[in-house]
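Next come the chains, spelled out residue by residue.
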Amino acid sequence: MSIASDLAVQNQDSMELVFKQVRKKQKIKSFIKGILFLSPSILLFSVFLFYPMLRTIYLSFFLTDASGSTTVFVGWQNYINLFTSPVFLKSMMSTFLFVLYTVPVTVIISLFLAVIANEKLKGVGFFRTIYSSSMGISVAAASVFWLYLFNPSMGFLNMIVEALGFEAIGWLTDPAWALVSISITTIWMNIGFTFLILLGGLQSIDSYLYESADIDGAGYFYKLRRITIPMLSPTLFFVITVTIINAFQTFGQIDILTQGGPANETNLIVYSIYREAFVNYQFGSASAQAVVLFILILLMTAIQFKFGERKVHYQ
Amino acid sequence: MEQVELIDITKSYDKQKKVLNEISLSIEKGEFFVLVGPSGSGKSTLLRMIAGLEDITDGTLKINDKVVNHLPPKERNLSMVFQNYALYPHLTVEQNILFGLKAKKVSKVEQQERLRETAEMMGLSELLSRKPRELSGGQRQRVALARSVVSQAPLCLMDEPLSNLDAKLRANMRVEIRRLQKRLGLTMIYVTHDQVEAMTMGDRIMVLNDGIIQQIGKPITLYNEPANLFVASFIGSPKMNLGKAKFSTDYKQLIIEGVLPIEMDPLSVSERLKDVNLTVGIRAEHIFSGMEENATHYLEVVNVEHLGNETTLAFDIGTELWTAKWPGQWMINVGDKIPVRISVEHLCYFDSDSEELLKAATAGKSQEVVAI
Ligand SMILES: Nc1ncnc2c1ncn2[C@@H]1O[C@H](COP(=O)(O)OP(=O)(O)OP(=O)(O)O)[C@@H](O)[C@H]1O
Ligand SMILES: [Mg+2]
């Protein structure tokens with residue numbers, strides 16, 4: 001009897017050992033499989049992302065010659081210079097202002113357009129196409145198009161302004177207006193994308209929720225506030241995050257419309273990096289700015305996730 | 001008093017094929033009215049038209065004697081339980097239940113009052129702060145019910161509310177819904193494709209097929225006197241046994257499917273039955289077990305199902321598969337030839353061409369409906 005139970009215990013022990021070994025083997029196997037599947041993207045990321053990033057961080061601690069090779073190690077000096085330079089601080093300031101001007105307006109306008117384009121009306125497909133069409137226009141083409149609109153003497157905008165009896169505005173040359181003009185251009189260009197994403201989000205809300213609300217006697221705005229916005233919140237969250245990141249990285253329209261002028265008013269951070277590196281050949285200082293930008297975007301995104309996600313209803 | 005009245009209601013989605021064809025019916029106040037039919041017969045469409053979620057192509061819909069064809073859902077003063085519950089996934093149970101009251105700007109005090117009452121009635125008091133995804137199917141079901149109860153609308157529409165539940169929960173909810181409806185005096189229009197639900201819950205049943213009313217009546221009437229072959233085969237479980245039949249030339253025998261002769265009294269055969277193609281039907285429980293002396297037929301068993309308190313047997317009758325349901329446990333094997341008793345007074349007669357009922361079983365009415 002006792003021998004039998006002893007045997008049983010032993011048997012159980014050895015079984016457990018076998019189980020453990022098998023489990024370990026399976027773990028290793030699945031790890032290798034995972035690595036195999038990931039290897040293409042790891043490779044690509046390393047070549048095009050991780051290596052340049054490390055290189056940038058490395059460069060930011062050096063002075064360089066015109067060809068970009070390091071000359072003198074300066075430690076934190078590049079960073080210290082940055083934060084004492086009025087030009088860089090101005091650039092930071094402009095960037096934040098730009099984000100503030102563009103993101104809320106873009107999201108609100110495209111949300112509004114998406115909501116009205118989501119109604120079941122005749123010919124709504126036409127408006128959906130129109131609203132999302134700016135997505136298909138390249139930054140360069142759009143900028144040139146706006147360049148004409150902004151033209152001080154024969155631009156369409158000034159024609160309107162003058163027709164209304166006001167003085168012509170130097171849209172791209174007046175320091176008070178340049179950042180606003182750039183913002184308007186950017187908003188116009190981003191609306192197509194955000195509109196499309198938000199419309200997709202709206203269409204994925206089940207119609208039975210609205211039917212149920214109809215029967216409950218809910219009005220249009222009650223439904224908008226209690227159903228549409230909460231159900232859309234994951235999409236809104238995504239759109240806001242992406243728009244903010246995009247705004248921080250704005251480059252093309254500035255290069256074409258203002259080249260950072262007038263009086264560095266539109267010298268947003270990415271443009272400033274570009275100028276530092278490829279006009280002034282200060283690769284060290286440019287790298288430092290790039291690192292600052294990276295940390296900034298990382299922080300913004302982290303903050304958003306921390307505070308935004310609580311309000312988001314994932315299904 | 002008529003709560004809901006439909007007059008020649010027609011619906012077509014694409015202006016070609018009619019999904020519903022000239023539906024006319026009236027539903028009394030406080031009635032439990034069941035709409036039953038196979039998938040795609042137009043039950044949901046009809047319900048959604050009554051709710052105002054779907055346009056009425058043609059016809060008149062009256063609620064409380066007022067024409068409401070043009071009214072939006074919220075002005076029809078009704079509540080609806082959707083097939084998939086339609087709970088708001090981002091709101092808690094409490095917010096879900098109060099959604100409609102807040103929309104209608106009911107006072108805070110009354111909201112809380114009604115919430116407490118309803119939650120208690122539905123057994124949801126403990127779950128008020130949960131989100132729908134944290135509930136089981138049955139609990140979601142109860143939230144959906146609570147949402148319609150809390151509105152205190154006199155007319156309640158339900159679209160297959162029990163279709164996602166397991167058998168036991170379903171049986172439970174059947175009783176609960178029925179009890180609730182009686183207690184609150186609701187007028188209920190209840191859609192289902194489950195004929196057991198229809199039979200057990202309804203005051204009256206309407207059988208719908210392909211957008212056409214097949215029959216409206218009390219459950220027992222539908223069971224005993226199915227208006228046509230469709231109702232005969234749809235209502236009842238197992239379905240009514242049907243077979244093509246012909247009289248012998250002297251009208252002393254009715255031969256079913258060419259293989260099953262049944263003795264007749266030639267005098268009882270009415271003229272109406274003589275010159276049509278006949279289909280006859282008999283309920284499974286009317287094929288009795290026969291003793292040696294009173295057996296009318298010996299049939300070979302092709303399948304046996306033991307259900308505990310009753311046994312169902314299947315036979316091949318010509319091309320048809322017939323079933324018999326006998327109370328008790330019978331030790332019978334497949335392949336046995338067993339004596340059965342089939343008598344003429346349990347037969348329903350249908351016209352094979354028009355599929356209409358010609359004559360219902362005569363035995364059914366006198367014997368089986370026990371009035372108390
Ligand atoms: N929006 C629609 N557009 C076109 N045809 C539809 C639409 N909704 C339903 N139909 C058609 O109408 C008919 C009836 O549909 P309905 O949903 O009323 O069926 P049902 O009786 O509720 O079936 P089930 O038991 O499967 O729910 C079906 O043939 C269906 O294909
Ligand atoms: Mg349906």
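What counts, and where the lines are drawn
- Chains are numbered independently. Their residues run from 1 in the order of the written sequence.
- Here chains are named by letter from A upward and ligands by number from 1 upward, in the order in which they appear as written.
- pLDDT decides what is reported in this predicted model: residues at 70 or higher carry local features, side-chain atom pairs at 80 or more are listed and counted, and totals for whole chains, interfaces and linings draw on all residues regardless.
- The side-chain numbers reported here are obtained from all heavy atoms of the structure, hydrogens and water having been left aside.
- UniProt positions are given in the numbering used here, feature names are shortened, and annotations may be inferred rather than shown by experiment.
- Helix and strand labels come from DSSP, where a helix needs a run of H or I of at least four residues and a strand needs a run of E of at least two; each type is numbered from the N terminus.
- In what follows, a contact means two residues having at least one pair of non-hydrogen atoms within 4.5 Å.
- Each accessible area value is a Shrake-Rupley result obtained with a 1.4 Å probe; residue values ignore everything except the protein chains displayed when judging cover.
- Domain extents, as shown, originate in an automatic or database domain assignment.
- In short, buried area is how much 1.4 Å probe accessible area vanishes from two parts on joining, totalled over both.
- The term salt bridge refers to a side-chain nitrogen of Lys or Arg lying within 4 Å of a carboxyl oxygen of Asp or Glu.
- Pairing of aromatic side chains here covers Phe, Tyr and the six-membered ring of Trp, requires ring centres within 6.5 Å, and sorts the geometry by plane angle: under 30 degrees stacked, over 60 edge-to-face, intermediate tilted.
- Burial classification: accessible surface area is computed with a 1.4 Å probe over protein chains only, and a residue below 20% of its type maximum counts as buried, one above 50% as exposed, and the rest as partly exposed.
- Whether a charge sits over a ring comes down to the Lys NZ or Arg CZ being within 6 Å of the ring centre and within 35 degrees of the ring normal.
- The nearness test applies per residue and asks whether one of its heavy atoms lies within 4 Å of the molecule or strand.
- What qualifies as a polar contact is a pair of N or O atoms within 3.5 Å, subject to a donor-acceptor requirement within protein and to the restriction that residues adjacent in sequence count only when both atoms come from side chains.
- Three classes are used: nonpolar for Ala, Val, Leu, Ile, Met, Phe, Trp, Tyr, Cys and Pro, charged for Asp, Glu, Lys and Arg, and polar for all others, with Gly counted as polar.
- The definitions used throughout rest on a 1 Å grid laid over the protein atoms alone, on which a cavity is an enclosed set of points accommodating a 1.4 Å probe that cannot get out and a pocket is an open set flanked by protein within 12 Å on both sides along at least five of seven lines; lining residues are those having an atom within 4 Å of a point.
- Grid points are joined across faces, edges and corners, and a volume is the space filled by probe spheres set on the points.
- What pLDDT conveys is the predictor's confidence in a given residue, as a value from 0 to 100.
- Should DSSP find at least two bridges between two strands, the strands are taken to pair.
- Axis definition: a line fit to C-alpha positions, over the contact stretch in the case of helices; interaxial angles, taken between N-to-C directions, run 0 to 180 degrees.

Looking at an unreviewed UniProt entry, one finds chain B named ABC transporter ATP-binding protein, with Oceanobacillus piezotolerans as its source organism.

Per an unreviewed UniProt entry, the recorded name for chain A is Sugar ABC transporter permease, and the organism is Oceanobacillus piezotolerans. In its Sequence similarities (unreviewed entry) section, the UniProt entry covering chain A states "Belongs to the binding-protein-dependent transport system permease family." If you open the UniProt record of chain A and go to Subcellular location (unreviewed entry), you find "Cell membrane".

1. Quick word on the overall build of chain B
Of regular secondary structure, chain B possesses 10 helices and 21 strands. With respect to the three principal axes, the spread of C-alpha positions in chain B is 80 × 45 × 40 Å. Of the contacts made within chain B by residues no fewer than 6 positions apart, 64% connect residues no fewer than 24 positions apart. Within the structure as shown, chain B displays about 17500 Å² of accessible surface, and the carbon and sulfur contribution to it stands at 49%.

2. Some remarks on the UniProt feature "domain: ABC transporter" (unreviewed entry) in chain B
UniProt records the feature "domain: ABC transporter" (unreviewed entry) at residues 4-235 of chain B, using the numbering of this structure. What you have in residues 4-235 of chain B is 37% helix and 25% strand, and the ends, taken at the C-alpha atoms, are 25 Å apart.

3. Here we look at the domain arrangement of chain A
All names here are of chain A. Structurally, chain A comprises domain 1 (2-59) and domain 2 (80-311). The straight-line distance from the C-alpha centre of domain 1 to that of domain 2 is 44 Å. On the domain 2 side, the residues contacting the 4 residues of domain 1 number 5 residues. Contact between domain 1 and domain 2 buries roughly 350 Å² in total, counting both sides, with carbon and sulfur atoms accounting for 83%. In terms of surface lost to domain 2, no three residues of domain 1 exceed M53, T56 and L59, which account for 87% of the buried area on that side. Connecting domain 1 to domain 2 are 0 salt bridges.

4. A look at the UniProt feature "domain: ABC transmembrane type-1" (unreviewed entry) in chain A
As recorded in UniProt, the feature "domain: ABC transmembrane type-1" (unreviewed entry) lies at residues 92-304 of chain A. What you have in residues 92-304 of chain A is 76% helix and 0% strand, and the ends, taken at the C-alpha atoms, are 20 Å apart.

5. Quick notes on the UniProt feature "transmembrane region" (unreviewed entry) in chain A
Residue and element names in this part refer to chain A. Mapped onto this structure's residue numbering, the UniProt feature "transmembrane region" (unreviewed entry) falls at residues 30-51, 96-117, 129-149, 179-202, 229-248 and 286-305. Secondary structure across residues 96-117 divides into 100% helix and 0% strand, with the first and last C-alpha atoms of the span separated by 31 Å. End C-alpha to end C-alpha, residues 179-202 measures 32 Å, and it is 100% helix and 0% strand.

6. A look at the packing of aromatic side chains
The full count for this structure, using the stated rule, is 30 aromatic pairs over all chains. Judged by centre distance (5.5 Å) and plane angle (40 degrees), the rings of F32 of chain B and Y190 of chain B are tilted. With F32 of chain B in strand β3 (residues 32-36) and Y190 of chain B in strand β8 (residues 187-192), this residue pair connects regions lying 158 residues apart in the sequence. The class for Y190 of chain B is buried, based on a relative accessible area of 0%. Grouping aromatic residues by their ring pairs yields a cluster made of F145, W146, F150, W171, W177 and W188 of chain A. Between R147 of chain B and the ring centre of Y88 of chain B, over which it is positioned, the NZ or CZ distance is 5.0 Å. Across the ring face of Y251 of chain B, the terminal group of K274 of chain B is positioned such that the distance to the ring centre comes to 4.6 Å.

7. Topic: the domain arrangement of chain B
Residues and elements named next belong to chain B. Annotation of chain B at the domain level lists domain 1 (2-229) and domain 2 (238-359). Its C-alpha centre places domain 1 at a distance of 39 Å from the equivalent point of domain 2. With 8 residues of domain 1 at the contact, the number on the domain 2 side is 10 residues. Both faces combined, the contact of domain 1 with domain 2 buries some 750 Å², and carbon together with sulfur accounts for 59% of it. By the criterion of area lost to domain 2, the three top residues of domain 1 are Y223, P226 and L229, representing 72% of everything that side buries.

8. Brief notes about the site of ligand 1
Residue and element names in this part refer to chain B. Around ligand 1, the surrounding shell consists of Y13, V19, P38, S39, G40, S41, G42, K43, S44, T45, E160 and H193. Within the contact set of ligand 1, an oxygen atom lies 2.5 Å away from a side-chain nitrogen or oxygen of T45. Protein burial of ligand 1: of its 640 Å² of free accessible surface, 58% is covered by the chains. The residue makeup of the shell around ligand 1, split by class, is 3 nonpolar, 7 polar and 2 charged.

9. Thoughts on the pattern of salt bridges
Two side chains bearing opposite charge may form a pair once their charged atoms approach each other closely. All told, the structure shown has 10 salt bridges over all chains when counted by the stated rule. Measuring nitrogen to oxygen at the nearest pair gives 2.5 Å for the salt bridge that ties R204 of chain B to E31 of chain B. Here R204 of chain B, found in strand β9 (residues 204-209), pairs with E31 of chain B, found in the loop between β2 (20-28) and β3; they are 173 residues apart in sequence, far enough to count as distant. R204 of chain B sits in the partly exposed class, given a relative accessible area of 23%. For R114 of chain B, the salt bridge goes to E110 of chain B, with nearest N and O atoms at 3.0 Å. Here R114 of chain B pairs with E110 of chain B, and both are found in helix α3 (residues 108-122), just 4 residues apart, close to one helical turn. Residue E110 of chain B is classed as partly exposed on the basis of its relative accessible area, which comes to 35%. Each of E211 of chain A together with R48 and E54 of chain B takes part in salt bridges that share partners, so that together they form one network.

10. With respect to the layout of surface pockets
Residue and element names in this part refer to chain A. In this structure, the largest pocket spans a volume of roughly 590 Å³. Around the largest pocket, the lining is made up of 15 residues, and of these N118, E119, K120, Y210 and K223 lie nearest the centre. Elements represented by at least two residues in the lining of the largest pocket include exactly α7 (175-203), α8 (207-216) and α9 (220-248). Along the lines of polarity and charge, the residues of the lining of the largest pocket split into 6 nonpolar, 4 polar and 5 charged. Considered as a void within the structure, the second largest pocket measures approximately 460 Å³ in volume. M53, T56, Q249, A290 and F294 are, among the 15 residues lining the second largest pocket, the residues nearest its centre. Within the residue set of the lining of the second largest pocket, elements represented by two or more residues are α1 (2-59), α11 (269-278) and α12 (283-311).

11. Considerations on the confidence of the model for chain B
Confidence along chain B averages 88 in pLDDT terms, with 97% of residues attaining 70 or more. Model confidence for the complex is summarised by a pTM of 0.78, with the ipTM given as 0.79.

12. Brief notes about the sheet that holds β3 of chain B
All names here are of chain B. In spatial order, the strands read β6-β7-β8-β3-β9-β10; together these 6 strands make up an open sheet with mixed pairing. Looking along the sheet, the strands with just one partner apiece sit at the ends: β6 (78-81) and β10 (212-217). Within the sheet, the average angular offset between the axes of one strand and its neighbour, ignoring direction, is 15 degrees. Note that strand β7 (residues 155-159) and β8 share 5 bridges and pair parallel. For L157, the partnering residue across the bridge sits in β8 and is I189. Each of β3, β6, β7, β8 and β9 is contacted by helix α1 (residues 43-51), which is oriented at about 150 degrees to β7, the strand it contacts most.

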